[in-house]
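# Observations on chain architecture
Here is how the chains run, residue by residue.
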Amino acid sequence: MRLVDVAKPRTRALLQFDREAVAKLDLAAVKADLKALMTDSQDWWPADWGHYGPLFVRQAWHCAGSYRTSDGRGGCDGGRQRFDPERSWDDNTNLNRAKTLLWPIKQKYGAGLSWGDLIILAGDVAISSMGGPVLGFCGGRIDDLDGYESLPLGPSPEQEALMPCPVQGDCKSPLGQNTLGLIYVNPEGPMGKPVPEESAPQIRAVFGRMGMDDAETVALIGGGHAFGKAHGACPSGPGPSPAEQPEAPWPGTCGDGKGNNTFTSGFEGPWTTTPTAWGNQYFQNLLDYNWEVHVGPGGHHQWRPKAKDAQSKAPPPGVMMLTTDVALLHDPDYLELVKTYAANLTALEFKFKHAWYKLVTRDMGPVTRCLGPDVPPPQPFQAPLPPPPPGPAPDYAALARDIARALRRPSPAAEPDTVGGKPYYGALFATLAWQCASSYRETDYAGGCNGARIRFAPQKDWPENAYMDSVLAVLEPLKAAHAGTTLSTADLIVLAGTVALQQALAEAEAEQQQAPGCNRGGGKGLLQLQGSTCTASGVRLRFCGGRVDAPEGEHAAQVQPPRVLANKILQVRDNARVMGLSMREAVALAARPRSPSQQRRLGYSGSWTHTPSHLSNQYFKVLLDETWLRTNSSEGLEEFAAAGGTGLFMTPTDLAIKWDAEMLAIAQEFATDNKAFLQTFASAWSGLMNADRFDGPDGNVCE
Ligand code: HEM
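Residues numbered from 1 in each chain as written. Predicted model: local features only at pLDDT ≥ 70, side-chain atom pairs only at ≥ 80, totals over all residues. Heavy atoms only, no water.

### Some words on the site of the ligand
Neighbouring the ligand are 24 residues, the closest being Trp61, His225, Lys229, His231 and Ser265. At a separation of 3.1 Å, a nitrogen atom of the ligand approaches a polar side-chain atom of tryptophan 61. Histidine 231 is positioned with one of its side-chain polar atoms (N or O) 2.6 Å from an oxygen atom of the ligand. Among the elements of the structure, α3 (53–64), α8 (214–224) and β1 (229–230) are those that each provide at least two residues to the shell around the ligand. Counting residues per element, the shell around the ligand draws most heavily on α3, which supplies five residues. Split into classes, the residues belonging to the shell around the ligand amount to 15 nonpolar, seven polar and two charged. (Near = heavy atom within 4 Å. Polar contact = N/O pair within 3.5 Å; in protein donor to acceptor, adjacent residues only side chain to side chain. Helix = DSSP H or I, 4+ residues; strand = E, 2+ residues; numbered from the N terminus. Nonpolar A, V, L, I, M, F, W, Y, C, P; charged D, E, K, R; others polar.)

Next comes the structure, spelled out in structure tokens:
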């Protein structure tokens, strides 16, 4: 069995993306068509109360709500709710019908309107057509061709291998939901037990894993359940899912299975007396009555209202609550928010529209990726970067020369490595650039070096970033010569790592006495590094300037610490996938020179190389030729020592490259072909350094 498929390259989904068509899309016309669709009830799937709005709100929420902060996976970008595993989740029962309703609109607008955008926009139009508040619309979702990127959401062998859930109903992070197949939690209560006070902590935990705080959570649940109803006309269930019966999924087993006979979740009834109109009645209902548990017509525990006492008002007939709704009364912080929203519609509207926009947009990355006329101003969750400071662009070539000189110049700021008896900072500069840029996640376009958030907490305090502040202090003085320009620390970090590697490449080739022969060229915005770096292989690293620095404290939490998995093979493979690297790129980048002094600071006994001033395929020769003995460093970290007392050490993630058949094949190729290695390394390095450069008017400025 193949547990985790080979990582696809960064451009996986762009094939489907037609930026010109998106730019030409008449969004106002799409919205008008969607609004008309809302009340155009079809006999084959009649709209409750003649309005499809609640169905489209639920669809958008379930498409976006699969997002989790742990690895940035999930969300509606990709439109993968159309594919297994997501389409067959219990929570997505009958959402195939919502897509059939949308198909004429999808067909009409074609490539300019992705399924991902259409699903979210339909949710937005549904809310506003029922009188609810909407902040705006960030367009530009790119449809995936299949459900591959959702396999780690489960249930799937990939999810079992990467992030198992030993107790269904109590799944932990990195999974977002606590029950596989549901978006968040079991509506009936923990493990189906209708105990609201035990449900509240679960709600907080899972909404937290999606980056939502209490105020957002309560506004979303109650704002969402202002609309629509639960469907559970009888206890016999919805019938087989699309995975089980693709030709006629979810036929419904109560009567004719539609309209009043619909079975979706198995609960039955609306939350309010005005289910197609926006308002805060949900919160008032929660507070105004006592809620009593019973078994509804669908066979599940649900709650019905009772008058508080003989004098108080009688409850409206037919309304209901889920255990997860009643849970909001059983937590003091949630209860306060329920009271606020019940008393203050304006407060609810403000919080709901911002939380909804965050919910449906969070997986889209920086605001510069949002397309269309309705994009609101940058929101905090988008970690907006400031404009560059005023001034001319720096002379990057001159700065590169300054950095080249700093490689071997002693600095009081940080202890260098020693190569040939002399100080050497190159491997530390490369490590700093790697640590800064490798926080990038292709899954939600977050992280990366732009903004240089590695300078601030929490990133600077991650164990793997130990000493990086000192290494940066070696570089900072170089900025003085470029004062008055737009030079950012982020650019300085990336350029320093890139110059160091280019020099290391040249030195390794000079050592092997290969004749120089240069090969020029390059892409938009890319600087070919010049000077003494002309190499025999003709391989040149590229640099694309223009990064800016984020101010301290601004949205730092958007960047997530690297995940550590017990299975190192899976960790290497999955990290590559999250970063958007192909397996070849990830294997090549593993061969970056690693500073022996830094490895010791991290708790290992040393590095795989004594000459971190060389960039070549030596890493693969060492990995494949040495005999590695498993041991523990004096700090108690698992590591591998080369037999024969050579003083070379590798980490478990290095050895994983040898243990995995496909990565081994790549390593073997690189070990025998230095040029192939260098070419792959160079393109992977510049690809990763620039992966977060969504700051141009037309996509990535560096591509
Ligand atoms: C319906 C559970 C949060 C919007 C439902 C249904 C359940 C449910 C069981 C009934 C589905 C059916 O039988 O048709 C939950 C749980 C939540 C949650 C457990 C979190 C603790 C939300 C949020 C939103 C939302 C955050 C949107 C902001 C809706 C809407 C419906 C619905 C609009 C009505 C669908 C229709 O009328 O067809 N929810 N929900 N829910 N939910 Fe939620």
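### What about the coordination of the iron atom of the ligand?
Of the protein atoms, His225 (NE2) alone serves as a donor to the iron atom of the ligand, at 2.1 Å. Here histidine 225 is to be found in the loop between α8 and β1. (Donors = N, O, S within 2.8 Å, 3.2 Å for Na, K, Ca; no water.)

### Considerations on the packing of helix α14 (residues 426–437) against helix α16 (residues 489–511)
Between α14 and α16, the least distance of the axes is 7 Å, while the angle of their chain directions is 135 degrees. Comparing their axes, α16 and α14 come out oblique. Note on packing geometry: the crossing formed by α14 with α16 is left-handed. From α14, Gly426, Phe429, Ala430, Leu432, Ala433 and Cys436 reach across to α16, where they touch Ile493, Val494, Ala496, Gly497, Ala500 and Leu501. Residues that form the contact of α14 with α16 fall into these classes: 10 nonpolar, two polar and no charged. (Axes fitted to C-alpha atoms, helices over the stretch in contact; angles between N-to-C directions. Parallel < 35°, antiparallel > 145°, perpendicular 65-115°, else oblique. Left-handed = near helix turned anticlockwise from the far one by under 90°. Contact = heavy atoms within 4.5 Å.)

### A word on the domain arrangement of the protein chain
In terms of domain boundaries, the protein chain breaks down into domain 1 (14–382) and domain 2 (396–689). For domain 1 and domain 2, the distance between their C-alpha centroids amounts to 43 Å. Taken together, the contacts link 21 residues of domain 1 with 13 residues of domain 2. Of the roughly 1500 Å² buried between domain 1 and domain 2, counting both surfaces, carbon and sulfur atoms make up 48%. If you sort the residues of domain 1 by the area they bury against domain 2, Asp71, Arg73 and Leu162 come out on top, with a joint share of 31%. Summed over the shared surface of domain 1 and domain 2, the number is two salt bridges. As a salt-bridge pair, glutamate 149 and arginine 577 come within 4.0 Å of each other at their nearest N and O atoms. In this assembly, domain 1 and domain 2 are joined by eight residue pairs in polar contact (both at pLDDT 80 or more). (Domains from an automatic or database assignment. Buried area = accessible area lost by both parts, 1.4 Å probe. Salt bridge = Lys/Arg side-chain N within 4 Å of Asp/Glu carboxyl O.)

### Digging into the environment of lysine 31
As for its position among the elements, lysine 31 is in helix α2 (residues 27–38). The sequence separation of lysine 31 and glycine 580 amounts to 549 residues, and the corresponding C-alpha distance is 33 Å. Those residues in contact with lysine 31 that sit more than four places away from it in its chain are Leu121, Val125 and Asp374.

### A few points about the packing of aromatic side chains
Evaluated as defined, the whole model comprises 23 aromatic pairs. Geometrically, the ring pair formed by tryptophan 61 and tyrosine 184 is tilted, given 4.7 Å between the ring centres and 35 degrees between the ring planes. Of this pair, tryptophan 61 sits in helix α3 while tyrosine 184 sits in the loop between α6 (157–162) and α7 (196–209), placing them 123 residues apart in sequence. On the basis of relative accessibility, which here comes to 22%, the residue tryptophan 61 falls in the partly exposed class. (Phe/Tyr/Trp six-rings, centres within 6.5 Å; stacked < 30°, edge-to-face > 60°. Buried < 20%, exposed > 50% of the residue type's maximum accessible area, 1.4 Å probe, protein only.)

### What about the state of the cysteines?
Under the definition given, this model contains five disulfides. Sulfur-sulfur distance for the disulfide between cysteine 234 and cysteine 254 comes to 2.0 Å. Here the S-S torsion is close to -90 degrees, and the disulfide linking cysteine 234 with cysteine 254 is therefore left-handed. Placement of cysteine 234 in the loop between β1 and β2 (269–270) and of cysteine 254 in the loop between β1 and β2 is noted, with a sequence separation of 20 residues between them. Take cysteine 234 and cysteine 254: they sit in the same class, and that class is buried. Across the disulfide from cysteine 436 sits cysteine 449; the S-S distance is 2.0 Å. The sign of the 85 degrees torsion about the S-S bond sets the cysteine 436-cysteine 449 disulfide as right-handed. Placement of cysteine 436 in helix α14 and of cysteine 449 in the loop between α14 and α15 (468–475) is noted, with a sequence separation of 13 residues between them. Residues cysteine 436 and cysteine 449 agree in their burial class; the two are buried. (Disulfide = S-S within 2.5 Å.)

### Structural notes on the pattern of salt bridges
Under the criterion given, the structure shown has 33 salt bridges. Ionic pairing is found between arginine 204 and aspartate 214, a salt bridge with its closest N-O pair at 3.0 Å. Taken together, the residues arginine 204 in helix α7 and aspartate 214 in helix α8 connect sequence positions 10 residues apart. A salt bridge links arginine 601 to glutamate 415, with the nearest nitrogen and oxygen atoms 3.6 Å apart. Here glutamate 415 lies in the loop between α13 (396–406) and β5 (417–419) and arginine 601 lies in helix α19 (residues 596–601), a separation of 186 residues in the sequence. By relative accessible area, arginine 601 is classed as partly exposed at 27%. One continuous salt-bridge network, built from bridges that share partners, spans Arg68, Asp71, Arg73 and Asp574.

### Comments concerning the packing of α3 against helix α12 (residues 345–361)
Closest axis-to-axis distance for the α3/α12 pair is 8 Å, and the angle between their directions is 55 degrees. Taken together, α3 and α12 sit at an angle that is classed as oblique. Each of Val57, Ala60, Trp61 and Ala64 in α3 lies in contact with α12, whose residues at this interface are Trp356, Leu359 and Val360. Residue composition of the contact of α3 with α12, grouped by class: seven nonpolar, no polar and no charged.

### Regarding the side chain of threonine 431
With respect to the helices and strands, threonine 431 occurs in helix α14. What threonine 431 contacts, discounting residues up to four positions off in sequence, is Met468 and Gln598.

### With respect to helix α5 (residues 115–129)
An ideal rise of 1.5 Å per residue puts 21 Å on 15 residues; α5 measures up with 20 Å between its terminal C-alpha atoms. Among the 15 residues of α5, 13 are classified as buried, and the element is accordingly described as predominantly covered. Looking at the residues trailing α5, positive phi occurs at glycine 131, about 90 degrees. (Expected span 1.5 Å × (residues − 1).)

### Side note on the pairing of strand β3 (residues 290–295)
Taken together, the six bridges between β3 and strand β4 (residues 301–306) define a ladder with antiparallel strand orientation. In the sheet register, valine 293 faces β4, and the bridge partner there is tryptophan 303. Hairpin connection from β3 to β4: five residues lie between these consecutive antiparallel strands, with glycine 299 at a positive phi of about 90 degrees. (Pairing = 2+ DSSP bridges.)

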